[in-house]
Number of protein chains: 2
Amino acid sequence: MAIQLEEVVSTSRGARRRMWTRERLIEAARTVVARQGIDDTTIADITNAADVGIGSFYNHFESKEHLVETLVAQAIETYGAALDRLVAHLSDPAEIFSICVRHTMRMADHDPVWAWFTVRAGFYVRELESGLGVRLLRDLGRGIESGRFTPGDVRSALVVIGGAVVAAMQGRLLGVRDLPADHLIAEQLLRMLGVPADEAERIASLPLAEPLLETAHSSAPGGNR
Amino acid sequence: MAIQLEEVVSTSRGARRRMWTRERLIEAARTVVARQGIDDTTIADITNAADVGIGSFYNHFESKEHLVETLVAQAIETYGAALDRLVAHLSDPAEIFSICVRHTMRMADHDPVWAWFTVRAGFYVRELESGLGVRLLRDLGRGIESGRFTPGDVRSALVVIGGAVVAAMQGRLLGVRDLPADHLIAEQLLRMLGVPADEAERIASLPLAEPLLETAHSSAPGGNR
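The rules behind each value
- Residues numbered from 1 in each chain as written.
- Chains lettered and ligands numbered in written order.
- Predicted model: local features only at pLDDT ≥ 70, side-chain atom pairs only at ≥ 80, totals over all residues.
- Heavy atoms only, no water.
- Helix = DSSP H or I, 4+ residues; strand = E, 2+ residues; numbered from the N terminus.
- Buried < 20%, exposed > 50% of the residue type's maximum accessible area, 1.4 Å probe, protein only.
- Contact = heavy atoms within 4.5 Å.
- Areas by Shrake-Rupley, 256 points an atom, 1.4 Å probe, with all protein chains shown as cover.
- Least-squares fit on C-alpha atoms with pLDDT ≥ 70 in both.
- Axes fitted to C-alpha atoms, helices over the stretch in contact; angles between N-to-C directions.
- Parallel < 35°, antiparallel > 145°, perpendicular 65-115°, else oblique.
- Left-handed = near helix turned anticlockwise from the far one by under 90°.
- Nonpolar A, V, L, I, M, F, W, Y, C, P; charged D, E, K, R; others polar.
- Core = buried A, V, L, I, M, F, W, Y, C linked by side-chain atoms within 4.5 Å.
- Salt bridge = Lys/Arg side-chain N within 4 Å of Asp/Glu carboxyl O.
- Phe/Tyr/Trp six-rings, centres within 6.5 Å; stacked < 30°, edge-to-face > 60°.
- Polar contact = N/O pair within 3.5 Å; in protein donor to acceptor, adjacent residues only side chain to side chain.

Student: Explain the overall build of chain A to me, please; I cannot follow it from the model alone.
Tutor: Helices and strands together make up the secondary structure of chain A, namely eleven helices and zero strands. Going residue by residue from the N terminus, the α and β elements of chain A occur as α-α-α-α-α-α-α-α-α-α-α. Residue burial in chain A is summarised as follows: out of 225 residues, 50% are buried. Taking as baseline every contact in chain A between residues at least 6 positions apart, the subset at least 24 positions apart corresponds to 71%. Surface summary for chain A: the accessible area is close to 10700 Å², and the carbon and sulfur share equals 53%.

Student: Mind showing me how you'd approach helix α10 (residues 182–192) of chain B here?
Tutor: Turn by turn, an α-helix covers 3.6 residues, leaving residues three or four places apart pointing in a common direction. Taken across its eleven residues, α10(B) has nine buried, putting it largely inside the fold. Residues B:Asp182, B:Ile185, B:Ala186, B:Glu187, B:Gln188, B:Leu189, B:Leu190, B:Arg191 and B:Met192 constitute the buried set of α10(B). For α10(B), the elements touching its buried residues are α9 (154–173) and α10 (182–192) of chain A together with α5 (93–110), α9 (154–173) and α11 (197–204) of chain B. Just past α10(B), the residue B:Gly194 takes up positive phi, approximately 100 degrees.

Student: Honestly, the relation of the copies chain B and chain A in this entry has me stumped. Any pointers?
Tutor: Note: a rotation about an axis with an accompanying shift along it relates these two copies of the chain. The transform that puts chain B on chain A rotates by 180 degrees and translates by 0.0 Å along the axis, for an RMSD of 0.0 Å. The two molecules are tied by a two-fold rotation axis, judged by turn and shift. A symmetric contact is evident, with 100% of the interface residues of chain B recurring at the interface of chain A.

Student: Looking at this structure, how should I read the packing of helix α8 (residues 132–145) of chain A against α9(A)?
Tutor: Two measures define how a pair of helices packs: the angle their axes make with one another and the distance between the axes. All names here are of chain A. Packing of α8 against α9 leaves a shortest axis separation of 11 Å and a crossing angle of 125 degrees. Overall, the two elements α8 and α9 adopt an arrangement that is oblique. Between α8 and α9 lies a crossing of right-handed hand. The residues of α9 that touch α8, namely those facing Gly 133, Leu 136, Leu 137, Leu 140 and Ile 144, are Val 154, Leu 158 and Ile 161. For the contact of α8 with α9, the residue count by class is seven nonpolar, one polar and no charged.

Student: I keep staring at the nonpolar core and nothing clicks. Help me out?
Tutor: Nonpolar side chains tend to gather and get buried jointly when the protein is soluble and globular. With 126 residues, the main nonpolar core has A:Phe97, A:Ile161, A:Leu189, B:Phe97, B:Ile161 and B:Leu189 as its most contacted residues. Beyond its immediate stretch of four places on either side in the chain, B:Phe97 contacts B:Leu136, B:Leu140, B:Phe149, B:Ile161, B:Leu189, B:Leu190 and B:Leu193.

Student: Would you mind going over the environment of A:Ile54 with me for this structure?
Tutor: All names here are of chain A. Structurally, Ile 54 can be placed in helix α3 (residues 54–60). For Ile 54 and Arg 142, which are 88 residues apart along the polypeptide, the C-alpha to C-alpha distance reads 48 Å. Ile 54 has contacts with Ile 43, Ala 44 and Thr 47, leaving out every residue within four places of it along the chain.

Student: Looking at this model, I keep getting lost on the pattern of salt bridges. Mind explaining?
Tutor: Note on pairing: side chains with opposite charge can pair once their charged atoms come close. All names here are of chain A. Throughout the structure, instances matching the rule amount to 22 salt bridges over all chains. Residues Arg 30 and Glu 27 are paired through a salt bridge, measuring 3.0 Å at the closest nitrogen-oxygen approach. Of this pair, Arg 30 and Glu 27 are both found in helix α1 (residues 5–36), three residues apart, which corresponds to roughly one turn of the helix. Among the residues examined, Arg 30 registers a relative accessible area of 6% and is labelled buried. Among the salt bridges present, the one from Asp 182 reaches Arg 172, with a minimum N-O distance of 3.3 Å.

Student: Would you take a moment to explain the packing of aromatic side chains for this structure?
Tutor: Aromatic rings considered in pairs are described by the distance between their centres and by the relative angle of their planes. Considering all chains together, one arrives at eight aromatic pairs over all chains under this definition. With 6.1 Å between their ring centres and 75 degrees between their planes, A:Phe97 and A:Phe149 make a pair best called edge-to-face. Within this pair, whereas A:Phe97 is found in helix α5 (residues 93–110), its partner A:Phe149 is found in the loop between α8 and α9, the two being separated by 52 residues in sequence. Across this residue pair, the class does not change: A:Phe97 and A:Phe149 are buried. Considering the side-chain rings of B:Tyr79 and B:Trp114, the 4.5 Å spacing of their centres and the 50 degrees angle between planes classify their relative orientation as tilted. With B:Tyr79 in helix α4 (residues 64–86) and B:Trp114 in helix α6 (residues 112–120), the pair connects residues that are 35 residues apart, well separated along the chain. Side by side, B:Tyr79 and B:Trp114 carry an identical accessibility label, which is buried. An aromatic cluster of at least three residues, connected via ring pairs, comprises A:Phe57, A:Tyr58 and A:Phe61.

Student: Any chance you could explain the interface of chain B and chain A here in plain terms?
Tutor: For an interface, size is often stated in terms of accessible area lost upon the parts coming together. In this complex, chain B contributes 30 residues to the contact, which on the side of chain A involves 30 residues. Counting every contact that joins chain B to chain A gives zero salt bridges. Linking chain B with chain A are 14 residue pairs in polar contact (both at pLDDT 80 or more). Among the elements of the structure, α7 (123–127), α9 and α10 of chain B are those that each provide at least two residues to the side of chain B that touches chain A. The dominant element in the side of chain B that touches chain A, judged by the number of residues it contributes, is α9(B), at eleven residues.

Structural data, given as structure tokens:
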């Protein structure tokens, strides 16, 4: 496939402009969806907020759902990277696991929009293959290598962990009364992974740092939180 | 509150007729929803299938969602009662737990309509207070009393179990590849409940009886499965 130099140059200029419009649409969607929810957001709301023509929208996204998916993937990735930084100084896989799980459940309180995105995106299913699921698999793998975790089948542990975190987030989002505290759920999961009961209780109860503020949503320029 | 005898008689006749219409609407909804899904079902579809006027619908239900909720509650209750009968002859709480959890996950294959109902109803949240949640709490309680289970905080175990079952069902319904088998997930949960790893593996791998056929959905008169 022969490509002329001038074609490359003009394509790359066009590509930059396209990228810029795409990012503008994503940023605008983040702000609008945070304000009025996914269901009540129209494509026109998004293009108005982005100050681009409605036709541009369809150059980048097939549908509102497609844009929301992109938004969710970005938000989850940003959150995952922030989690990585938060635990970078720690070495005990059990402690790392507990912090990550507890922080994620608390996102339902600290950033409900992010949490709804995550829950509604069917989190665990997609995340087996990407984002938080890959990180969780990595952390479980490290714990298994070091002998800290003995979960047997890793993928089934992953389904249980993902399901538990989503259930806890959903319960918080829906305002269910008497939900167990995040550390109690982390404790159950640590015991499932083979950590002795007394240690699981101690590790899960360690004080937790302040909520992560670096989620894509709350760090969005013009975000209204 | 003084009530005249004739008022009681006529009320009870009216009440019977009302009950009958209500049941007819529920049966019709079950059949129609099974055929075309919840989203594509209109109230007119239901009243047509029930052969009652559309006005009657609103004497009994506020909305389609209200009727679907009733349908889900009934279907879950019928399934729970069938599960109870299935394990009535068993005494080991770990075995009972494993069978109930595995059967419920398999419902995604055996009765996807029931499974979608259950997953979409936000299963775990409601079920903490009713239906399967009450049964699960009862079974966990028996296992704790007999010393078979040592889960620490019971409600957090319940959230993990509910979340795991819903996640596994949802994965099956969505056709996610490489999902772990139901017995592997049951094994994880047994270990979380304090059953030693080797025993958890043995119990979770016991052969499972055929799928429960007595779900409300598939036993519905005129049901199309």
